[in-house]
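The lines below spell out each chain.
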Amino acid sequence: MKALVLSGGTGSRLRPFTYSTAKQLLPVANKPVLRHCLEKIQEAGVTEVGIIVGDHGDQIRAAIGDGAHLGLRITYIRQHAPLGLAHCIAVAADFLGDEDFVMYLGDNILADGIVPAAENFRASGCDATVLVAPVPDPRAYGVAELDAEGRIRRLVEKPQEPKSDLAVIGVYFFTGAIHRSVAAIRPSGRGELEITDAIQHLLDSGGTVLAERYQGYWKDTGRPEDLLECNRELLARLRPRIEGEIDAETSVEGPVVIEAGAKVIRSRLVGPLVIGAGSVISDSAIGPGVAVGRECLVSSAGLSDSILLEGAAVDSVPALRHSIIGRWAKLSAADGTRPSRLIVGDHAQAEVAT
């Protein structure tokens, strides 16, 4: 089995970060979302991976490389325009050949992995398996309608009146039969080759498509609030580890990870949280639910439920919550205690009156 990881797209809901960064490289728990995806693929015993890239392709190559450090062999495949998920399969046809493959959306986190789903697909003899999960409002998703035996009867893309609450989430398993269906469909009204249309064609042609209900934690990290929720979830799964320096005046409560080269002075740390290598924290209250990236500077500040990307600096902001601060951004504040929430892009400079 091979893997096809989709890492193109513009990430418009995550602007301003995605003006300068691929959305799949934004971190949760101090690790790019794409790396979380690749690790789950490797856990499932898949080592040949094709990554679909768009305008941020060079950035993704620089961050991930050839995959050897993850036990993978990675091939990068350029999609020149975001023309749909099924179009990605067409673009990757030479890489995929006739082999079975798992297609994984590179901005989705499936924290409990895909090992059982991969094993079930291998054993099933079906033409495709689609991972699904119930959602409160299915209208923003592809929706699966099942028969009494759990097989997919019909797929509908973003229905206004859903007949099921089962959303198609970011992982699909296919045999080579899907290529004929991709070749047979035409662009939808929004100009894309929809994967739901390709799977529906496979069904209409007599193929067997199974639905597997995902039982673990799943999140599409397409919005800032999704990144923050996912960050909280993954931080809570970290094992405490202190490799950096903590002075005698610093207190530590709960699960905390301090990477080698980080330094904490006269501060209060409340886990779950992670502090990246080379960061310096002084006279601050950090946590819970905070991921501080590499080479950050935090002084006389209070942070909770937030993500600081590499090189961010926060000075004298007493109560910053539910915030994402971009790479090498600088944030300061006047005196005060009122909580603030900020979404600040890369290299920005901001002063907050609180």
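Everything quoted here is computed from the prediction, not taken from an experiment. (Residues numbered from 1 in each chain as written. Predicted model: local features only at pLDDT ≥ 70, side-chain atom pairs only at ≥ 80, totals over all residues. Heavy atoms only, no water.)

Q: Would you mind showing me how to read the side chain of Asn 108 here?
A: Secondary-structure assignment places Asn 108 in strand S7 (residues 108-110). Within the structure, Asn 108 has its side chain in polar contact with the side chain of Asp 107 (distance 3.0 Å). (Helix = DSSP H or I, 4+ residues; strand = E, 2+ residues; numbered from the N terminus. Polar contact = N/O pair within 3.5 Å; in protein donor to acceptor, adjacent residues only side chain to side chain.)

Q: Explain the layout of surface pockets here, please?
A: One simple way to see leftover space: roll a probe sized like a water molecule over the atoms. Within this model, the second largest pocket holds a volume of roughly 280 Å³. Lining the second largest pocket are 13 residues, with Pro 27, Asn 30, Arg 294, Glu 310 and Arg 327 positioned closest to its centre. Looking at the lining of the second largest pocket residue by residue, the classes come out as five nonpolar, three polar and five charged. (1 Å grid on protein atoms, 1.4 Å probe; cavity = no way out; pocket = protein on both sides within 12 Å on 5 of 7 lines; lining within 4 Å. Points joined across faces, edges and corners; volume = space filled by probe spheres on them. Nonpolar A, V, L, I, M, F, W, Y, C, P; charged D, E, K, R; others polar.)

Q: Teacher, can you tell me more about the pairing of strand S30 (residues 330-333) here?
A: Two faces, one strand: in a regular strand the side chains alternate between the faces of the sheet. The alternating pattern of S30 places Leu 331 and Ala 333 on a buried face and Lys 330 and Ser 332 on a face that is not buried. As paired strands, strand S27 (residues 313-315) and S30 are joined by three bridges and run parallel to one another. Counterpart to Asp 315 in the pairing with S30 is Ser 332. (Buried < 20%, exposed > 50% of the residue type's maximum accessible area, 1.4 Å probe, protein only. Pairing = 2+ DSSP bridges.)

Q: What should I look at first to understand the pairing of strand S8 (residues 128-134) in this one?
A: S8 sits mainly inside the fold: six of its seven residues count as buried. Note that S8 and strand S11 (residues 166-174) share six bridges and pair antiparallel. Residue pairing for S11: Thr 129 is matched across the bridge by Phe 173. Relative to strand S12 (residues 209-213), S8 is paired through five bridges, and the arrangement is parallel. For Val 132, the partnering residue across the bridge sits in S12 and is Arg 213.

Q: Would you mind showing me how to read the nonpolar core here?
A: Soluble globular proteins: nonpolar side chains tend toward being buried together. Core analysis: the largest hydrophobic core is formed by 54 residues, its most contacted members being Leu 38, Val 49, Leu 110 and Phe 173. Those residues in contact with Leu 110 that lie beyond four places of it in its chain are Lys 40, Tyr 104, Leu 131, Ile 169, Val 171, Tyr 214, Tyr 217 and Trp 218. Judged by nonpolar contacts, the second largest core, of 35 residues, contains Cys 88, Leu 96, Val 130 and Ala 144. (Core = buried A, V, L, I, M, F, W, Y, C linked by side-chain atoms within 4.5 Å. Contact = heavy atoms within 4.5 Å.)

Q: Would you mind showing me how to read the side chain of Ser 181 here?
A: Note on placement: Ser 181 falls in helix H7 (residues 178-184). Given a relative accessible area of 2%, Ser 181 falls into the buried group. Among all residues touching Ser 181, those that are not within four sequence positions of it are Ala 198, His 201 and Leu 202.

Q: Please explain helix H2 (residues 33-43) as it appears in this structure.
A: Because the α-helix completes a turn every 3.6 residues, residues three or four places apart line up on one side. For H2, the set of buried residues is Val 33, Leu 34, His 36, Cys 37, Leu 38, Lys 40 and Ile 41. Just past H2, the residue Gly 45 takes up positive phi, approximately 85 degrees.

Q: Got a minute to help me understand a nonpolar patch on the surface in this structure?
A: On the surface, Ile 242, Ile 246 and Val 252 cluster together to form a nonpolar patch covering roughly 220 Å² of accessible area. Inspection of the secondary structure assignment puts Val 252 in strand S16 (residues 251-253). (Patch = residues over 30% accessible without salt bridge, like charges linked within 9 Å, V, L, I, M, F, W, Y side chains within 5 Å. Areas by Shrake-Rupley, 256 points an atom, 1.4 Å probe, with all protein chains shown as cover. Salt bridge = Lys/Arg side-chain N within 4 Å of Asp/Glu carboxyl O.)

Q: In this structure, what is going on with the packing of aromatic side chains? I would like to understand it.
A: Think of a pair of aromatic rings as described by two things: how far the centres are apart, and how the planes are tilted against each other in angle. A complete count under the given rule lists four aromatic pairs for this structure. A connected cluster of aromatic rings, assembled from ring pairs, spans Phe 101, Tyr 172 and Phe 174. A cation over an aromatic ring shows up here: Lys 2 above the ring of Phe 95, its NZ or CZ 4.7 Å from the ring centre. (Phe/Tyr/Trp six-rings, centres within 6.5 Å; stacked < 30°, edge-to-face > 60°. Lys NZ or Arg CZ within 6 Å of the ring centre and 35° of its normal.)

Q: Which parts of the structure should I look at to understand the environment of Val 314?
A: Looking at where Val 314 falls in the secondary structure, it is placed in strand S27. In sequence terms Val 314 and Ile 281 are 33 residues apart; their C-alpha atoms lie 9.7 Å from each other.

Q: Honestly, the sheet that holds strand S22 (residues 285-286) in this entry has me stumped. Any pointers?
A: Taken in spatial order, the five strands line up as S16-S19-S22-S25-S28 in an open sheet, and their pairing is parallel. With partners counted over all chains shown, the strands left at the sheet margins are S16 and strand S28 (320-321), one partner each.

Q: I keep staring at the state of the cysteines and nothing clicks. Help me out?
A: A disulfide bridge is the covalent bond that connects two cysteines by way of their sulfur atoms. Taken as a whole and judged by the stated rule, the model has zero disulfides. The thiol of Cys 88 is unpaired, and the distance to the nearest cysteine sulfur, on Cys 37, comes to 14 Å. (Disulfide = S-S within 2.5 Å.)

Q: Would you explain the environment of His 87 in this entry?
A: Relative to the elements of secondary structure, His 87 occurs in helix H4 (residues 85-91). A sequence separation of 106 residues divides His 87 from Leu 193, and the C-alpha atoms of the two residues are 5.5 Å apart. Among the polar contacts made by the side chain of His 87, one reaches the side chain of Gln 79 at a distance of 2.9 Å.

Q: Just checking my understanding: could you explain unusual backbone geometry for this structure?
A: Cis geometry marks the peptide bond from Gly 271 to Pro 272; its omega dihedral reads 5 degrees. With respect to the element layout, Pro 272 can be found in the loop between strand S19 (268-270) and strand S20 (273-275). The omega angle of the peptide bond from Gly 287 to Pro 288 is 0 degrees, so this bond is cis rather than trans. The backbone of Glu 295 sits at a positive phi, close to 60 degrees, despite the residue not being glycine. Within the element layout of this structure, Glu 295 appears in the loop between strand S23 (290-292) and strand S24 (297-299).

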